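Residue-level structure breakdown
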Amino acid sequence: MPELPEVEALRRALDEPVRAFPVEKAGPAHVATLKTFDPPLSTLEGRRLAGVERRGKRLLLPAEDGELVLLVHLMSAGRLRYLRSGEAGPKKPAFRLLFEAGGQLVLTEGGPKKRAGVWLLTPEAAEAELAHLGPEALGLGAEQLAEILAGQPRRLHSLLRDQRVIAGIGRAWANEILHTAKLSPFAPAQGLAPGQVRTLADAIDSELERGLELRERGAKDAQVYRVHDRLGEPCHVCGTPIARVAFEEHTIYYCPECQTGGRRLTPYWGFKGRGWEDVAMASRRKTRRR
Ligand SMILES: [Zn+2]
């Protein structure tokens with residue numbers, strides 16, 4: 001799933017070409033991809049786009065006249081590309097905008113499931129559509145992060161991925177960020193010391209910026225991720241093999257040496273408010289009592 005670094009790199013690449021010429025033809029659009037029918041897609045035709053903006057993992061393409069906003073969410077398998085005039089495109093795009101002079105913005109989606117979405121909205125409707133999102137992850141800062149974390153008994157990994165809390169981070173960058181911050185993915189958010197909150201805020205910025213810089217240069221996953229999806233490979237900091245653990249419906253990657261004091265996490269089976277730290281502490285207390 002493209003997250004903030006991937007979507008922001010894409011935004012920067014598309015910003016210039018999409019506003020060079022007015023839209024000549026909007027569509028075709030796969031029935032599962034286009035989520036709105038009013039205003040109709042054809043109302044974009046003849047209008048010029050003002051460029052590409054981003055909110056969390058979503059792209060926004062406002063019309064220059066301020067009357068319409070095209071919103072795109074790539075989900076896990078969507079791919080958005082700009083094809084220059086004459087460049088061969090896919091036979092059946094999930095969504096397409098053809099510009100005067102022949103360039104095309106093309107959305108494709110691999111696999112049978114169509115989960116990526118395109119919405120054509122008024123600016124007010126677009127604002128409502130995005131209202132549930134938390135503040136942008138990049139540049140959040142320690143103060144705001146501390147406010148967010150306070151009173152959150154949830155595990156850090158799950159909290160960082162929640163778009164309503166912080167917008168832009170998914171499971172891959174949550175793995176990278178927590179590794180850099182040397183924090184357990186299962187640590188309860190509200191239990192962090194002020195120093196740990198600062199470290200986490202710095203790791204959010206440094207990792208997302210590292211990702212953005214690499215993605216802008218066209219780097220692939222294998223060159224970008226150092227922890228995510230690297231089971232058994234040596235940690236780039238300490239050399240310990242990267243481990244993984246199941247958490248709810250996700251797989252989390254982490255370094256047992258850097259992040260969990262040498263302990264391996266056990267799959268989180270969802271009993272309320274307790275995870276490995278609580279279990280470890282409870283068993284230490286038991287040992288002491290004996
Ligand atoms: Zn390590």
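See the structure shown above.
Reference entry: report on the structure contained in this document.

**Remarks on the overall build of the protein**
Along the backbone of the protein there are 9 helices and 10 strands. Dimensions along the principal axes, computed over C-alpha positions, put the protein at roughly 80 × 35 × 30 Å. Here the protein holds 290 residues, and the buried ones make up 50% of them. Sequence-distant contacts in the protein: of pairs separated by 6 or more residues, those separated by 24 or more amount to 62%. A total of about 14,200 Å² of accessible surface is found on the protein, and carbon and sulfur atoms cover 50% of it. Averaging the coordinates of the 44 positive side-chain charges in the protein and doing the same for the 37 negative ones gives two points 10 Å apart.

**Remarks on the sheet that holds strand β1 (residues 23–29)**
Taken in spatial order, the 4 strands of this open sheet run β1-β6-β7-β5, and their pairing is antiparallel. The strands lining the two open edges of the sheet, one partner per strand, are β1 and β5 (78–83). Put simply, the sheet's adjacent strands are angled 15 degrees from each other on average, direction ignored. In the sheet, strand β6 (residues 95–99) pairs with strand β7 (residues 104–109) via 4 bridges, with the strands oriented antiparallel. In the sheet register, Phe95 faces β7, and the bridge partner there is Leu107. Across the face of the sheet, helix α1 (residues 4–18) comes into contact with β5, β6 and β7 while running at roughly 35 degrees to β5.

**Things to note about the coordination of the zinc ion**
With distances of 2.3 Å, the protein atoms coordinating the zinc ion are Cys235 (SG), Cys238 (SG), Cys255 (SG) and Cys258 (SG). Of note is the zinc ion, whose 4 donor atoms meet at the metal with angles of 100 to 113 degrees in an arrangement that counts as tetrahedral. A residue is classified by how much of its surface remains accessible, and Cys238, at 35% relative accessible area, is partly exposed.

**Here we look at the pattern of salt bridges**
One pass over the structure, following the stated rule, counts 20 salt bridges. Across the salt bridge formed by Arg19 and Asp15, the nearest N and O atoms sit 2.9 Å from each other. The class of Arg19 is partly exposed, set by a relative accessible area of 33%. Looking at Asp15, the relative accessible area reads 17%, which means it is buried. Ionic pairing is found between Arg54 and Glu136, a salt bridge with its closest N-O pair at 2.7 Å. Remark: Glu136 occurs in the loop between α2 (123–130) and α3 (142–149) and Arg54 occurs in strand β2 (residues 53–55); sequence separation between them is 82 residues. Owing to a relative accessible area of 21%, Glu136 belongs among the partly exposed residues under this scheme. Counted as one network, the salt bridges with shared partners bring together Glu8, Arg11, Arg12, Arg54, Arg55, Glu136 and Glu216.

**Quick word on unusual backbone geometry**
A cis geometry characterises the amide bond from Gly27 onward to Pro28, with omega recorded as 10 degrees. Within the secondary structure layout, Pro28 lies in strand β1. The omega torsion of the bond from Asp38 to Pro39 falls at 5 degrees, within 30 degrees of zero and hence cis. Checked against the element boundaries, Pro39 lands in the loop between β1 and β2. With a phi close to 50 degrees, Met75 is a non-glycine residue in the positive phi region. Relative to the helices and strands, Met75 is located in the loop between β4 (69–73) and β5.

**Here's the deal with the pairing of β4**
Summarising burial for β4: 5 of the 5 residues are buried, a large majority. Residues Val69, Leu71 and His73 point to one face of β4 and Leu70 and Val72 to the other, with burial holding for every one of them. Following strand β3 (residues 58–62), the chain reverses through 6 residues before pairing antiparallel with β4; Gly66 in that reversal takes a positive phi of roughly 75 degrees. As paired strands, β4 and strand β8 (residues 117–121) are joined by 5 bridges and run antiparallel to one another. From the neighbouring strand, Leu71 faces β8, where its bridge partner is Trp119.

Criteria and thresholds
- Residues numbered from 1 in each chain as written.
- Predicted model: local features only at pLDDT ≥ 70, side-chain atom pairs only at ≥ 80, totals over all residues.
- Heavy atoms only, no water.
- Helix = DSSP H or I, 4+ residues; strand = E, 2+ residues; numbered from the N terminus.
- Buried < 20%, exposed > 50% of the residue type's maximum accessible area, 1.4 Å probe, protein only.
- Contact = heavy atoms within 4.5 Å.
- Areas by Shrake-Rupley, 256 points an atom, 1.4 Å probe, with all protein chains shown as cover.
- Lys, Arg positive; Asp, Glu negative; His and termini not counted.
- Charge placed at Lys NZ, Arg CZ, Asp CG, Glu CD.
- Pairing = 2+ DSSP bridges.
- Axes fitted to C-alpha atoms, helices over the stretch in contact; angles between N-to-C directions.
- Donors = N, O, S within 2.8 Å, 3.2 Å for Na, K, Ca; no water.
- Tetrahedral: all angles 85-135°; square planar, octahedral: opposite > 155°, others 65-115°.
- Salt bridge = Lys/Arg side-chain N within 4 Å of Asp/Glu carboxyl O.

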